[in-house]
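Results of the structural survey
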Amino acid sequence: MSLRLPIQAGSLLRMRAAFPASRSIQQWAPLRTQSLSAVLSYSASRNLTSRANARRSLQAPIASPIWPQPVVRMPMPKPVAVAPSAAFSSGPAAEEVAHTSKAIVGWWYLYCAALVFAIVAVGGVTRLTESGLSITEWNLIKGMKPPTTEEEWMVEFDKYKKFPEYTLLNHNITLSEFKFIFYMEWGHRMLGRFIGLSFILPGLYFAARGYMTPAIAKRSFVVACLIGCQGVLGWYMVKSGLREELFESKQFHGVSQYWLAAHLGSAFIIYSTMLLTGLEILRTSSKGARLLSEQVVAAFRQPGFRVFAMSTHNIAALVLLTAFSGAFVAGLDAGLIYNEFPYMGDGLVPSDMWALSDPSKAEKPIPWWRNLLENHAAVQFNHRVLAMTTATAVTALWVVSRKFTLPRSSRMAMNALLGVTALQVSLGISTLLYLVPVPLAAAHQSGSLLLLSTSLWLLHTLRVLPK
Ligand code: HEM
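Rules used in this analysis
- Residues numbered from 1 in each chain as written.
- Predicted model: local features only at pLDDT ≥ 70, side-chain atom pairs only at ≥ 80, totals over all residues.
- UniProt positions renumbered as here; feature names shortened; annotations may be inferred.
- Helix = DSSP H or I, 4+ residues; strand = E, 2+ residues; numbered from the N terminus.
- Buried ≥ 20, exposed ≤ 12 C-beta atoms within 10 Å, placed from the backbone.
- Contact = placed C-beta atoms within 7 Å.
- Near = placed C-beta within 6 Å.
- Domains from an automatic or database assignment.
- Core = buried A, V, L, I, M, F, W, Y, C linked by C-beta atoms within 7 Å.
- Axes fitted to C-alpha atoms, helices over the stretch in contact; angles between N-to-C directions.
- Left-handed = near helix turned anticlockwise from the far one by under 90°.
- Nonpolar A, V, L, I, M, F, W, Y, C, P; charged D, E, K, R; others polar.
- Expected span 1.5 Å × (residues − 1).

Per an unreviewed UniProt entry, the protein carries the name Cytochrome c oxidase assembly protein subunit 15 and comes from Chytriomyces confervae. What UniProt states about the protein under its Pathway (unreviewed entry) heading is, verbatim, "Porphyrin-containing compound metabolism; heme A biosynthesis; heme A from heme O: step 1/1." As its UniProt record puts it under Subcellular location (unreviewed entry), the protein is described as follows: "Membrane".

Written out as structure tokens, the structure is:
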């Protein structure tokens, strides 16, 4: 059914609003070739009163049953140019982020992401200096005050002495050494509290002032809950290293690798959400956003580009998985065996790869999947394989990227990703060869977050966000 309307002055005005001169020629080319009345009737039929409506309408033909097919003879602006937005605006509801969330909300998200980066780095050093079990209680408010008098310090030290770490590992520790490990853990916890407040208080203010869209407000609520859960996970992790049963073990390995991996993995998820949300809000609220989006839309016209852009999601997932497997290496201190590369003993696969589930090698064999998560050799092997797979995938992506014309920021992100991957692999190998010295291991841990950031940055630059 045709929805043609007579041309009126109002229609002309609406048309000016709907098709501003600043639009790229490419994007509007198909419309330029249509008859004026067809364009007008399209504009009128969709009640175009704003640029936002115009854009929505241009995306509508695929879904809208009232699209005036008989009137508009030319095809609509190629849906190819728009389709990726659906695919690559996955995750956060990008449509609602646009236009309404203020830039300050984006900066606030990035600031909080930077704080999470900092706490991961501090947490890594806390673990590497074996400070994590020095505070044996968890109290959100009271725990903020460290001991001040000598008496208070002695009370705290005595509490520490009751637990397996002191008995099995640290029985020679002096009070001043204890003070150092106490302050490390206390600093980590205080930073956690600070992040909670830095997220919640401004978040409430921004939501109350209407600086955020409902979608971003909801997402912020989820992130706030995740931060709370992160604190609880952290405490369960610490508790796993304070268990009395550990007195019976001959070797003390600290906290459970499962809790450590959960705590680290959750931090990485919070960080990724904050970083992507911040970048997304800033891009949709910036003046350059439209230009970048048009570049991305143009890039998607190249054959095979869609698969390339999709692959950046897989790379980010692979980096996350590799980092997760690294947490198992760290949790089991599995970096203290097979300090060589690429071999592990006589071959690339260690001879004791299946030791824990092998009936001929273990007294009480355990299932194969537990072997993969609890056997030191297997855990290190997994991490090596995943790390090398990530490095190969990134290199392959970089090679493939050469054949495409990328937006400038995507090219920069792609090159940076290759560089950071090389750095991270070098740090990992050095950490292993030098038997996990604190500075190298800490740099390797921060490197993993830098690598994740770079892969998310690349992914972000290839998303088509609403303008
Ligand atoms: C894509 C590359 C890599 C990523 C993303 C990555 C990530 C990680 C992460 C997140 C940790 C846990 C750190 C912690 O919680 O303190 C870790 C630990 C470790 N990684 Fe990697 N890693 C990579 C490559 C490698 C390579 C190639 C090696 C050596 C073959 C390696 C050896 C180690 C070792 C030995 C540890 C344990 C360090 C410790 O005890 O603190 N990593 N890795």
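Back to the text.
1. What about the overall build of the protein?
Helix and strand content of the protein: 18 helices and zero strands. Residues classed as buried in the protein amount to 37% of the 467 residues present. Put simply, of all contacts in the protein between residues at least 6 apart along the chain, 80% involve residues at least 24 apart.

2. Section: the site of the ligand
Around the ligand, the structure places 30 residues, and the nearest of them are G326, G335, A387, G428 and S448. Counting only elements with at least two residues in the shell around the ligand, the list comes to α7 (103-128), α14 (305-332), α16 (376-401), α17 (408-433) and α18 (438-461). Here the shell around the ligand gets seven residues from one element, more than from any other, and that element is α14. Inspection of the shell around the ligand shows a minimum of three residues originating in each of domain 2 (100-286) and domain 3 (299-467).

3. Examining the environment of M414
Within the secondary structure, M414 is located in helix α17. In the structure, M414 is positioned 41 residues away from S455 in sequence and 8.1 Å away in space, judged by C-alpha atoms.

4. Points about the nonpolar core
Counting 74 residues, the largest nonpolar core has C112, V116, L260, Y271, M274, V319 and L452 as the members making the most contacts within it. At 14 residues, the largest contribution of residues to this core is made by α14. With sequence-adjacent residues up to four places away left out, V319 is seen in contact with T390, L451, L452 and S455. Membership of the second largest hydrophobic core comes to six residues, among which are I135, F178, I181 and W186.

5. A few points about the packing of helix α12 (residues 257-285) against α18
Between α12 and α18, the shortest axis-to-axis distance is 10 Å and the interhelical angle comes to 35 degrees. Like other packed secondary-structure pairs, α12 and α18 cross with a definite hand, here right-handed. Residue-level inspection shows F268, Y271, S272, L275, L276 and L279 of α12 in contact with α18, the latter providing L449, L452, S453, L456 and H460.

6. Describing the UniProt feature "transmembrane region" (unreviewed entry) in the protein
Feature annotation in UniProt assigns "transmembrane region" (unreviewed entry) to the following positions: residues 108-128, 190-208, 220-238, 258-282, 315-338, 381-400, 412-436 and 448-465. Taken end to end, residues 220-238 has its terminal C-alpha atoms 27 Å apart, with 100% of it in helix and 0% in strand. Between the C-alpha atoms that bound residues 315-338 the distance is 27 Å, and the span itself is 75% helix and 0% strand.

7. Section: unusual backbone geometry
Put simply, F341 and P342 share a cis peptide bond, and its omega is 5 degrees. Along the chain, P342 falls in the loop between α14 and α15 (368-374). Phi is positive for D333, close to 55 degrees, though the residue is something other than glycine. Mapped onto the elements of the fold, D333 is located in the loop between α14 and α15. Not every positive phi belongs to a glycine, and V436 is a case in point at roughly 55 degrees. Looking at where V436 falls in the secondary structure, it is placed in the loop between α17 and α18. Exposure remark for V436: the 18 C-beta atoms within 10 Å place this residue in the partly exposed category.

8. Things to note about the environment of R283
Relative to the helices and strands, R283 resides in helix α12. Accessibility expressed as a C-beta count within 10 Å gives 23 for R283, which makes it buried. Distance in space between the C-alpha atoms of R283 and A103 is 8.6 Å, their sequence separation being 180 residues. With residues up to four places along the chain from it excluded, the contact list for R283 reads A289, L292 and L465.

9. Details of the packing of α12 against α14
It is at 8 Å that the axes of α12 and α14 come closest, and there the two elements cross at 145 degrees. Seen from above, α12 lies across α14 with right-handed handedness. Across from Q257, L260, A261, L264, G265 and F268 in α12, the residues of α14 making contact are L320, A323, F324, A327, F328, A330, G331 and L332. For the contact of α12 with α14, a count of residues per class yields eleven nonpolar, three polar and no charged.

10. So, α17
For α17, with 26 residues, the first-to-last C-alpha span of 38 Å sits near the 38 Å given by 1.5 Å per residue. Every buried residue belonging to α17 is among S410, A413, M414, L417, V420, T421, Q424, G428, T431 and L432, and all of these are buried. Summarising the contacts, the buried residues of α17 are in contact with α16 and α18. In the stretch just after α17, L435 is the one whose phi turns positive, near 60 degrees.

11. Quick notes on helix α11 (residues 214-240)
Its 27 residues give α11 an end-to-end C-alpha distance of 39 Å, which sits within 8% of 39 Å, the value for a rise of 1.5 Å per residue. Those residues of α11 not exposed but buried are I216, R219, S220, V223, I227, Q230, G234, M237 and V238.

12. Quick look at the environment of V329
The residue V329 is located in helix α14 in this model. Leave out the neighbours within four places in its chain, and V329 touches A334, G335, V379, Q380 and H383.

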